[in-house]
Each structure stands twice: as structure tokens, then as C-alpha cells.
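Chain residues, written in single-letter form:
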Amino acid sequence: MAMDPERLWQLALAEIEVQLSRANFATWLKNSRLVDKKEGVFVVSLPNNFAKEWVENKYQKLLLGIVRGFDYSAKKIEFVVDGQNEAQLASKKISVADLSRFENRIDLDFRVDPETNLNPRYSLRSFVVGASNELAYTAATAIVREVGTKYNPFFVYGGVGLGKTHLVQMIGNEIRALYKGRVRPRYVSSEKFTSDIVWAIRNKRYEDVKKRYRDIDVLIIDDIQFIGGKEKTEEEFFHTFNALYENNKQIIISSDRPPQSIPTLEERLRSRFEGGLIADIGYPEYEMRVAIIKAKLQDAKRELREEIIDLVARKVKKNVREIEGVLNKVLFYQDVRGVDVTEKTASDIIEKSVKNFSRRVSDEHILKTVAEFFGVSPGDLVTRGRKKEVVEPRQIAMYLLRDILDMSYPYIGEKLGRDHTTAIHAVEKINQEINKNSSLNQKIILIKEAIYKS
Ligand code: ADP
Ligand code: MG
């Protein structure tokens with residue numbers, strides 16, 4: 001006899017839950033229900049259109065496979081939107097009384113543990129996984145299971161606000177939870193690490209600090225790029241690194257760029273990093289931005305209409321931090337006004353908070369304007385030539401592509417027929433010089449004006 005369909009669906013969900021990240025499961029499938037089953041067709045309701053589309057595209061096959069494991073007669077799964085839920089959602093009013101709950105939402109609820117410097121807010125549950133961070137996420141979960149043995153060191157890199165700190169903190173939190181104190185993680189920013197070393201040198205308490213760092217099982221160093229070039233710190237880091245590594249202690253490092261692109265990093269450190277596992281985190285695509293917004297809303301126990309979620313996901317692309325910022329503003333607005341935000345208002349909020357010239361400015365336009373300013377042709381910027389007349393324009397073009405359009409280094413490199421390392425060097429050089437060299441500063445201001453004018 002066939003199994004009761006309701007129960008079957010619950011079992012299928014339990015199975016798929018193990019196969020997805022918790023955040024993805026919670027966002028897409030947790031609220032699904034089996035509403036009908038006829039002649040091998042399972043009809044499953046999902047809370048809204050986004051969930052329906054996403055699940056149809058991504059999980060249809062997987063779900064069917066699982067369901068068939070329980071019921072051989074299953075031929076197809078169809079998804080429908082749970083109309084009632086949608087209506088409830090749209091009519092839900094948020095009152096001013098909710099404001100305090102919202103304000104308390106993120107930081108006050110969590111406390112950083114002084115022993116490990118880990119903040120429980122960076123949990124696995126709240127981490128959304130998509131194409132842009134899948135490798136890093138998979139590595140992270142593998143490290144938690146096999147601390148110190150397999151992926152050591154683990155080096156993760158990516159742009160600002162894309163989730164590096166969240167990921168490495170999450171590894172620490174998971175390790176703490178799983179091994180209950182038997183494995184001791186510690187998180188440090190590279191500034192903290194540096195200042196510890198400086199303190200040790202100044203107070204001649206070198207041994208204390210050494211011991212403190214070597215006396216842990218998992219060392220997590222965030223934003224390692226800041227260590228580059230600080231000789232004494234690098235030296236000490238190298239020794240600590242080796243001591244930990246030789247004892248199978250896990251080392252986890254984050255950076256805004258790959259090891260070979262940290263110009264001042266000592267060669268031996270670089271090759272150590274390259275000997276482990278390196279994963280990058282990229283920009284989240286649309287679907288993932290939707291998932292992130294939903295996960296944040298769920299965490300905050302808040303709701304927004306689908307149109308608004310879609311709008312934010314379409315328009316806010318720079319990084320996850322920016323998405324959070326806009327979302328908080330929208331929710332805050334709703335709290336203060338006591339009504340659901342309209343699309344127009346949400347647009348205004350986005351417009352104001354997102355530095356977004358990309359709609360008006362194209363990369364070609366930037367290159368053309370730079371070339372014009374210096375009296376060279378756009379083609380000259382791309383040629384191999386090292387003549388001074390083209391080197392500076394080229395570097396400025398790279399700098400502006402980054403500054404105005406926030407393009408990735410590989411993309412900038414490609415645009416100008418160079419590799420990403422050259423792009424990083426160029427952007428950094430201009431970044432540094434702009435403060436010291438007022439004529440350069442002036443040039444860039446003028447070029448920017450020309451770019452925005454037309
Ligand atoms: P980074 O260290 O790379 O600059 P953070 O880890 O500080 O970025 O992330 C910025 C914000 O975005 C944090 O609040 C973090 O929790 C959130 N965030 C980043 N990636 C994700 C993700 N995949 N899922 C959920 N939240 C994320
Ligand atoms: Mg960070």
C-alpha cells in the first residue's frame with residue numbers, strides 16, 4: 001500500500017534538507033506543502049512565485065528522485081503558489097511598535113566571545129550558498145569535519161562585503177559547536193595580529209605572545225593583505241604558521257585578493273598559502289541576491305512584498321553588505337511610516353544609498369574619455385607599449401574602471417589587454433599617488449567631470 005502522501009512529503013523534505021545548505025533549505029523549501037496527489041502527479045505549494053521558479057529550476061529533478069524513492073508511481077512534481085500566504089503577506093501591516101525589535105535586531109543579540117573572538121551571528125544557518133561562493137562554502141564545511149588534515153591552509157579571497165569574514169567566522173563557530181571545546185579556534189584580524197607582535201617586541205614579551213598563538217588548534221586570520229610588507233610581523237607569522245602547520249593545526253586565511261597578488265608578501269609565505277586550498281568568493285547573481293534578502297528577512301522575522309524584494313535584488317548588486325544596508329533602510333522606513341513601502345519609495349531609497357553610476361556610464365565611455373583627455377587613441381591604451389605617454393593614461397583608465405564601475409580586476413585586465421595582477425598594481429599605484437600628487441589628483445577630477453558630463 002502506498003504511503004500517506006503528507007507523510008511522504010515530510011520524509012522527502014527531511015532527505016532534501018541534508019542535501020542543501022540550511023539557509024537554502026529554509027529559504028526555498030521549508031514552507032512547502034503537498035496539496036494534491038493524482039495519478040503520479042504530486043502538487044506542491046510554495047509560499048510565493050520566486051520560490052516556485054527557483055525550486056522548479058533547481059530542485060525539480062532532485063525532489064522527483066527523492067519522492068520516487070518512496071513512491072514508485074511518482075511521475076512528476078508540479079509547483080503552485082500558496083495563494084493564501086501571498087495574500088496574508090501583502091496585507092500584513094507593520095506597526096511602529098515593531099521598531100524596537102528591529103533596532104535590536106542584529107548586533108545586540110550577539111556577543112563576541114572574548115576567548116575565540118568569534119561572533120555567533122556569523123552562523124552556517126544564515127549563510128546563503130550560490131554559484132559565487134559554492135566552492136568556498138564546500139571547503140568550509142569539509143574543514144569543519146576534518147580539521148587540520150585535509151585542506152590546510154585554507155585561503156579564501158574576494159572583494160569587500162562578499163562574505164569572507166562571515167565564512168571564516170562561521171568555520172570557527174561550527175568547529176566550536178561540533179567539538180565542544182576539544183578543538184580551540186581563534187579568530188584575529190591581521191591588524192590585531194600585527195599589534196600583538198608589535199606589543200610583544202616593545203615589551204619584550206615575545207614568548208608570551210608566541211605561546212598564545214601556538215596554543216590553539218585553529219588559527220583564523222582575516223584580511224591577511226594588511227600583513228604584507230610588515231617585515232617583523234611577516235617573520236613572526238611565518239614561524240607561527242610553520243609551528244601550527246607541522247602540528248596539523250588548521251590555518252584559515254582570508255584576503256581581498258589571491259596570494260600571488262599581494263605584492264609585498266614574502267615568497268616563502270606565498271608558496272605556503274599556495275600549497276593549501278584556495279577558494280574565491282565572487283559577486284552574487286540575481287537569484288542569490290533574492291535568496292540572501294529572504295534569508296535576512298527570515299532571520300529578522302520580517303516580511304516584504306515580492307515586488308520589493310525583486311526590486312532590491314535587481315538594483316543592489318555591489319555586495320552583500322550593500323544589500324543589507326538597503327534592506328535595513330526599507331524596513332526602517334516601513335516601521336516609521338507604519339505602512340508597506342511602495343515601489344516608488346523603495347526605488348528612491350535604493351537610488352540614495354547606492355552609488356550607482358553604472359546606468360549612465362559605460363566602460364567604453366570611460367576609456368574614450370581618458371584617451372581624449374590625454375590626446376591618445378583608445379587603441380593606444382590597449383597596446384603593449386611602455387611609453388610614458390600611454391602608461392599613465394592606461395593606469396588611470398584602470399583606476400577609473402574600478403572606482404566608477406567597481407569592475408573586477410580580471411575584467412579590468414581583460415579590457416586593457418593585461419592580466420589581473422597588472423590591474424591591481426595600477427589601481428593601487430594611482431590610489432596611493434592620488435594623495436601625494438596634486439597634479440594627478442587634479443587630472444582625475446577633470447576626467448571624472450568629463451565622464452559624468454556627457
Ligand atoms: P567581507 O568580510 O568579505 O568584507 P562580510 O563577511 O563582512 O564581508 O559580509 C558582509 C555582510 O554580508 C555581513 O553582514 C554578512 O553576514 C553578509 N553576508 C555575506 N555573504 C553572505 C551570504 N552568503 N549569506 C548571508 N549573508 C552574507
Ligand atoms: Mg571582512
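Placed above this text is the structure.
Here the structure is a predicted model, which is why all the values come from computation and not from measurement. (Residues numbered from 1 in each chain as written. Chains lettered and ligands numbered in written order. Predicted model: local features only at pLDDT ≥ 70, side-chain atom pairs only at ≥ 80, totals over all residues. Heavy atoms only, no water.)

Colleague: In this structure, what is going on with the overall build of the protein chain? I would like to understand it.
Modeller: A count of helices and strands for the protein chain gives 22 helices and 8 strands. A burial count over the protein chain gives 48% of its 454 residues as buried. The long-range fraction of contacts in the protein chain, counting pairs at least 24 apart against all pairs at least 6 apart in sequence, stands at 74%. On the protein chain, roughly 22,900 Å² of surface is accessible, and the fraction owed to carbon and sulfur atoms is 50%. (Helix = DSSP H or I, 4+ residues; strand = E, 2+ residues; numbered from the N terminus. Buried < 20%, exposed > 50% of the residue type's maximum accessible area, 1.4 Å probe, protein only. Contact = heavy atoms within 4.5 Å. Areas by Shrake-Rupley, 256 points an atom, 1.4 Å probe, with all protein chains shown as cover.)

Colleague: For this particular structure, what's the right way to read the packing of aromatic side chains?
Modeller: In this structure the tally under the stated criterion is 9 aromatic pairs. Judged by centre distance (6.2 Å) and plane angle (10°), the rings of Phe127 and Tyr137 are stacked. In this pair, Phe127 sits in the loop between helix 6 (99-103) and helix 7 (134-145) while Tyr137 sits in helix 7, placing the two residues 10 residues apart along the sequence. Both residues of the pair, Phe127 and Tyr137, belong to the buried class. Between Phe373 and Phe374, the aromatic rings sit 5.1 Å apart at their centres with planes inclined by 75°, giving edge-to-face as the arrangement. Judged by its relative accessible area of 36%, Phe373 is partly exposed. Residue Phe374 is classed as partly exposed on the basis of its relative accessible area of 22%. A connected cluster of aromatic rings, assembled from ring pairs, spans Phe155, Phe193, Tyr213, Phe237, Phe241, Tyr245 and Phe273. Its guanidinium or amino end placed over the ring of Tyr213, Arg186 lies 6.0 Å from that ring's centre, counting from NZ or CZ. (Phe/Tyr/Trp six-rings, centres within 6.5 Å; stacked < 30°, edge-to-face > 60°. Lys NZ or Arg CZ within 6 Å of the ring centre and 35° of its normal.)

Colleague: I keep staring at the site of ligand 1 and nothing clicks. Help me out?
Modeller: Neighbouring residues of ligand 1: 19 residues in total, closest Arg121, Gly161, Lys164, His166 and Lys296. One of the backbone N or O atoms of Val128 is found 2.8 Å from a nitrogen atom in ligand 1. Between ligand 1 and His166 there is a distance of 2.7 Å, counted from an oxygen atom to a side-chain nitrogen or oxygen. Coverage of ligand 1 by the protein chains reaches 96% of its 560 Å² of free accessible surface. Of all the elements in the fold, those that place two or more residues in the shell around ligand 1 are helix 8 (164-179), helix 13 (286-299) and helix 15 (320-337). Residues that form the shell around ligand 1 fall into these classes: 7 nonpolar, 7 polar and 5 charged. Looking at the shell around ligand 1, you find at least three residues from each of domain 2 (109-281) and domain 3 (288-353). (Near = heavy atom within 4 Å. Polar contact = N/O pair within 3.5 Å; in protein donor to acceptor, adjacent residues only side chain to side chain. Nonpolar A, V, L, I, M, F, W, Y, C, P; charged D, E, K, R; others polar. Domains from an automatic or database assignment.)

Colleague: Got a minute to help me understand the packing of helix 15 against helix 16 (residues 343-353) in this structure?
Modeller: Two numbers describe how helix 15 lies on helix 16: the axes approach to 10 Å, and their chain directions differ by 140°. As the angle between them shows, helix 15 and helix 16 are arranged oblique. At the point where helix 15 passes helix 16, the crossing takes the right-handed sense. On helix 16, the residues touching Val326, Lys329, Val330 and Tyr333 of helix 15 are Thr345, Ile349, Ile350 and Ser353. In the contact of helix 15 with helix 16, the residues fall into 5 nonpolar, 2 polar and 1 charged. (Axes fitted to C-alpha atoms, helices over the stretch in contact; angles between N-to-C directions. Parallel < 35°, antiparallel > 145°, perpendicular 65-115°, else oblique. Left-handed = near helix turned anticlockwise from the far one by under 90°.)

Colleague: What is the right way to read the packing of helix 9 (residues 190-203) against helix 10 (residues 206-214) from this model?
Modeller: Packed helices, taken two at a time, are described by their axes: the angle between them and the distance between them. Where helix 9 meets helix 10, the closest approach of the two axes is 7 Å, and the angle between their N-to-C directions is 150°. When the axis of helix 9 is compared with that of helix 10, the two are roughly antiparallel. Across from Phe193, Asp196, Ile197, Trp199, Ala200 and Ile201 in helix 9, the residues of helix 10 making contact are Tyr206, Val209, Arg212 and Tyr213. Considering only residue class, the contact of helix 9 with helix 10 consists of 8 nonpolar, no polar and 2 charged.

Colleague: What is the right way to read the nonpolar core from this model?
Modeller: Generally speaking, a soluble globular protein has its nonpolar side chains buried in company with each other. Core analysis: the biggest nonpolar cluster contains 49 residues, and Trp28, Leu29, Val55, Leu63 and Leu304 have the highest contact counts within it. Among the elements that make up this core, the one with the highest residue count is helix 13 (7 residues). Counting the residues that make up this core, at least three belong to each of domain 1 (5-90) and domain 3 (288-353). Ala371, Val376, Leu405 and Ile430 belong to the second-largest nonpolar core, a separate cluster that totals 30 residues. (Core = buried A, V, L, I, M, F, W, Y, C linked by side-chain atoms within 4.5 Å.)

Colleague: For this particular structure, what's the right way to read unusual backbone geometry?
Modeller: Phi is mostly negative for residues that are not glycine, and the peptide bonds are mostly trans. A cis amide bond, omega -10°, links Asn152 with the succeeding residue Pro153. Note on placement: Pro153 falls in the loop between helix 7 and strand 4 (154-158).

Colleague: Help me understand the pairing of strand 2 (residues 41-46), please; the structure alone is not making it clear to me.
Modeller: The side chains of a regular strand alternate between the sheet's two faces. Across the 6 residues of strand 2, 5 count as buried, placing the element largely inside the fold. Here strand 1 (residues 33-38) runs beside strand 2; their pairing, made up of 5 bridges, is antiparallel. Following the sheet pairing, Leu34 is matched in strand 2 by Val44. Between strand 1 and strand 2, which pair antiparallel in sequence order, lie 2 residues; one of them, Glu39, sits at a positive phi of approximately 45°. Bridge count between strand 2 and strand 3 (residues 76-81): 6 bridges; the pairing is parallel. Within the sheet, the bridge partner assigned to Val44 lies in strand 3 and is Phe79. (Pairing = 2+ DSSP bridges.)

Colleague: Whenever I open this one, the pairing of strand 5 (residues 185-189) confuses me. Can you help?
Modeller: For strand 5, the buried fraction is high: 4 of the 5 residues fall into the buried class. Pairing geometry for strand 5 and strand 6 (residues 218-222), over 5 bridges, is parallel. Its bridge partner lying in strand 6, Tyr187 is registered against Ile220.

Colleague: Help me understand helix 17 (residues 363-374), please; the structure alone is not making it clear to me.
Modeller: Since there are 3.6 residues in each turn of an α-helix, residues three or four apart along the chain are aligned in direction. An ideal rise of 1.5 Å per residue puts 16 Å on 12 residues; helix 17 measures up with 17 Å between its terminal C-alpha atoms. Restricting attention to buried positions, one finds in helix 17 the residues Asp363, His365, Ile366, Leu367, Thr369, Val370 and Ala371. Buried positions along helix 17 lie against helix 18 (378-382), helix 19 (388-405), helix 20 (409-415) and helix 22 (438-453). (Expected span 1.5 Å × (residues − 1).)

Taken by themselves, the reported measurements are silent on function.
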